[in-house]
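# Working through the structure, step by step
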Amino acid sequence: MPELTIGVPVFNGEPYLAQALAGLRSQTFPHFRVVIADNASTDHTPDIAKRVVAEDPRFSYVRRERNIGLVPNFNRLFHETTGEYFAWHAADDVVEPDFYRACVDLLRARPEAVAAMTGVVLMDEDGAVLGPEPEAVRADHPDRAVRFADLASLRHFSQFTYGVYRRAAMARTRLMLPFFWTSDRVFLAELALQGPLVRDPRPLYRVRQHHRRVTLAGRAAFYAGRTPRRGTMLRYSRELGLAIDHAGLDPAERGRLRRRLWMWRLRHGHLLLRSSVGALVGVAAGSVPRRRPAPPTAVRS
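Note that the coordinates shown come from a computational prediction; the quantities given were computed from them, not determined experimentally. The residue count restarts for each chain, going from 1 along the sequence in the order it is written. Where totals are concerned, whole chains, interfaces and linings use all residues; where local detail is concerned, this predicted model gives features only for residues with pLDDT of at least 70, and gives and counts side-chain atom pairs only at 80 or more. Side-chain measures here rest on the full set of heavy atoms in the structure, leaving out hydrogens and waters.

What follows deals with the overall build of the protein. In this text, helices come from DSSP runs of H or I with a minimum length of four residues, and strands from runs of E with a minimum of two, each type numbered from the N-terminal end. Along the protein, the regular secondary structure elements total 11 helices and nine strands. For the exposure calls, accessible area comes from a 1.4 Å probe over protein chains only, and a residue counts as buried if that area is under 20% of its type's maximum, exposed if over 50%, partly exposed in between. Put simply, the protein has 301 residues, and 55% of those count as buried. What makes two residues a contact is simply this: any of their non-hydrogen atoms within 4.5 Å. Counting only contacts in the protein whose residues sit at least 6 apart along the sequence, the fraction spanning at least 24 positions is 79%. For accessible areas, the Shrake-Rupley method is used with a probe of radius 1.4 Å. Any residue's cover is judged against the shown protein chains and nothing else. With the model as given, the accessible surface of the protein reaches about 13600 Å², and the carbon-plus-sulfur share is 58%.

Turning next to the pairing of strand E9 (residues 197–208). Taken together, the two bridges between strand E5 (residues 94–95) and E9 define a ladder with antiparallel strand orientation. Across the sheet, residue Val94 finds its bridge partner in E9, namely Arg206. Sheet topology note: the strand E6 (residues 115–123)/E9 ladder contains nine bridges and is parallel. Among the inter-strand pairings, Val121 is bridged to a residue of E9, identified as Arg206. A strand pair is defined by DSSP finding two or more bridges across the two strands.

This paragraph deals with unusual backbone geometry. Although it is not a glycine, Asn12 sits at a positive phi angle of roughly 50°. Take Asn12: it is sitting in the loop between strand E1 (4–10) and helix H1 (17–25). Looking at Asn12, the relative accessible area reads 10%, which means it is buried.

The next point concerns the pattern of salt bridges. Salt bridges are defined as contacts in which a side-chain nitrogen from Lys or Arg sits within 4 Å of a carboxyl oxygen from Asp or Glu. The tally for this structure, following the rule as stated, stands at 22 salt bridges. Arg108 serves as the salt-bridge partner of Asp105, at 3.7 Å between the closest nitrogen and oxygen. In this pair, Asp105 and Arg108 are both assigned in helix H4 (residues 99–109), three residues apart and thus about one turn of the helix distant. Residue classification places Arg108 among the partly exposed positions, given a relative accessible area of 46%. The salt bridge involving Asp200 is made with Arg202; its shortest N-O contact spans 2.9 Å.

What follows is about the packing of aromatic side chains. Stacked, tilted and edge-to-face are the three classes assigned to paired rings of Phe, Tyr and Trp, where Trp is represented by its six-membered ring and a pair needs centres within 6.5 Å; plane angles under 30 degrees give stacked, over 60 edge-to-face, the rest tilted. On inspection of all chains with the given rule, the structure shows 11 aromatic pairs. With centroids separated by 4.7 Å and ring planes inclined at 80°, the aromatic side chains of Phe99 and Tyr100 adopt a geometry described as edge-to-face. Among the aromatic residues, those joined into a ring-pair cluster are Phe74, Phe78, Phe86, Trp88, Phe99, Tyr100, Tyr162, Tyr165, Phe187 and Tyr205. Across from the ring centre of Trp262, 4.6 Å away, lies the NZ or CZ of Arg265, which sits over that ring. Only when the NZ of Lys or the CZ of Arg is both within 6 Å of the ring centre and within 35 degrees of the ring normal is a charge said to sit over the ring.

Below, the discussion takes up the packing of helix H5 (residues 144–152) against helix H10 (residues 251–267). Note on method: axes are straight lines fitted to C-alpha atoms, helices fitted across the in-contact stretch only, with angles between N-to-C directions ranging 0 to 180 degrees. Contact geometry of H5 with H10 gives a least axis separation of 10 Å together with a crossing angle of 35°. The chirality of how H5 crosses H10 is right-handed. The residues of H10 that touch H5, namely those facing Arg144, Ala145, Val146, Phe148, Ala149 and Ala152, are Glu253, Arg256, Leu257, Arg260 and Trp264. Classification convention: Asp, Glu, Lys, Arg as charged; Ala, Val, Leu, Ile, Met, Phe, Trp, Tyr, Cys, Pro as nonpolar; all other residues, Gly among them, as polar. Partitioning the contact of H5 with H10 into residue classes produces seven nonpolar, no polar and four charged. Each crossing gets its hand from how the near helix is turned against the far one by less than a right angle, where anticlockwise is left-handed and clockwise is right-handed.

With that settled, the discussion passes to the nonpolar core. Only buried residues count toward a nonpolar core, which is a set of Ala, Val, Leu, Ile, Met, Phe, Trp, Tyr and Cys residues joined through side-chain atoms within 4.5 Å. Among the nonpolar cores identified, the biggest contains 82 residues, and Trp88, Tyr100 and Leu197 are the most heavily contacted of them. In terms of residue count, H4 provides more of this core than any other element does, seven residues in total. Every residue in contact with Tyr100, bar those within four places of it in the chain, is listed here: Leu4, Ile6, Leu24, Gln27, Phe29, Ala87, Trp88, His89, Val95 and Val164.

All of the buried residues in helix H2 (residues 45–55) are Thr45, Pro46, Ile48, Ala49 and Val52. Viewed along the axis of H2, the buried residues span an arc of 165°, placing them on a single side of the element. Exposed positions of H2 whose direction lies more than 90 degrees from the buried face are Arg51, Ala54 and Glu55. Here the buried face of H2 lies against E1, H1, strand E2 (32–38) and strand E3 (59–63). As used here, the arc belongs to the directions running from the helix axis to the C-beta atoms.

Structure follows, in C-alpha cells:
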C-alpha cells in the first residue's frame, strides 16, 4: 500500500498533461502512486497517460465511460484509492521535485494537522514564472472558528485544494459537493473544522494561467460579487451551515461556530441578498424551457 496516493483528474488535458506528469515522476518522496482519471477525453490525453503508465509502474490510468463531471471525478478518485495520505493534482500545473516530500514531512511533524501545502507561484502558458501568489488565510490558526471563517471567506484562492491530506480527515467531510460551483471552498472550510492546514513557505507548486483554465473566469466573477448561477451565494451560505452540523462537534462548539457563520453572513449581506433575488427570479423563470448550453472545455475535470 502506498503511503501517498496522488489523483490526477483530467479532461482534454493534451496541452499540459505531459508536463504535469513529468513533475510527478521527478518527486524525491519515494512512497507514492499516481492514478490518472480520464473523464472521457476526446483528444490525445489517453495516449499521453498510457505512455507514462508503460514507463513507470507507480502510475496507473482509468478512463470514465462518460464524462461524469468535474467534481464527481475528483471525489471518485478519493474513494477508489488507498494510502494514509491523499492529494489531487491539476493536469495543467507543475510541482517541484521536493513538493510532496515537503508536504508529507509537515504532516509527520504536525500530527494535529489535516492538510499541508507549500507556497505557490504563477506561470504562463509556456511555463515562464510570473511571480508568487500569496494567500491571506489563517489556515493554521489554533482556533477552528478562525480557520473556518478564513477558509469560508472570499479572499483566498483555495490553494490547499492541491495540497496533501490525511485521508482519515478527508473521510470525515462530505468531500466536494458534486452539484455546487465553489465546492473546493466549502470542502476546505469543512476540513478546517477537523484540524489546522499547514504550509511550507517554499514556492514548490506552480499554477498555470491559461485561457482554458476554468477557474480563471469563475474566480474573477466570484471576487467581483457576480455568481455564475442564480442563488449560488445563498446556497454557499447554507452549505457552510451544514458543514458545521456534519463535523461531529459538541453543542457548545457547534453554537460558537454558528455564531461566527452569522457574522460572516452579515458581512456578505449584499451578496446574499442579490443571490436571494436571483434565486426567486430563477424559480419564476423555471417554467420557461431553455436550450441547454454545451459544457465548457476544461483540463481540470
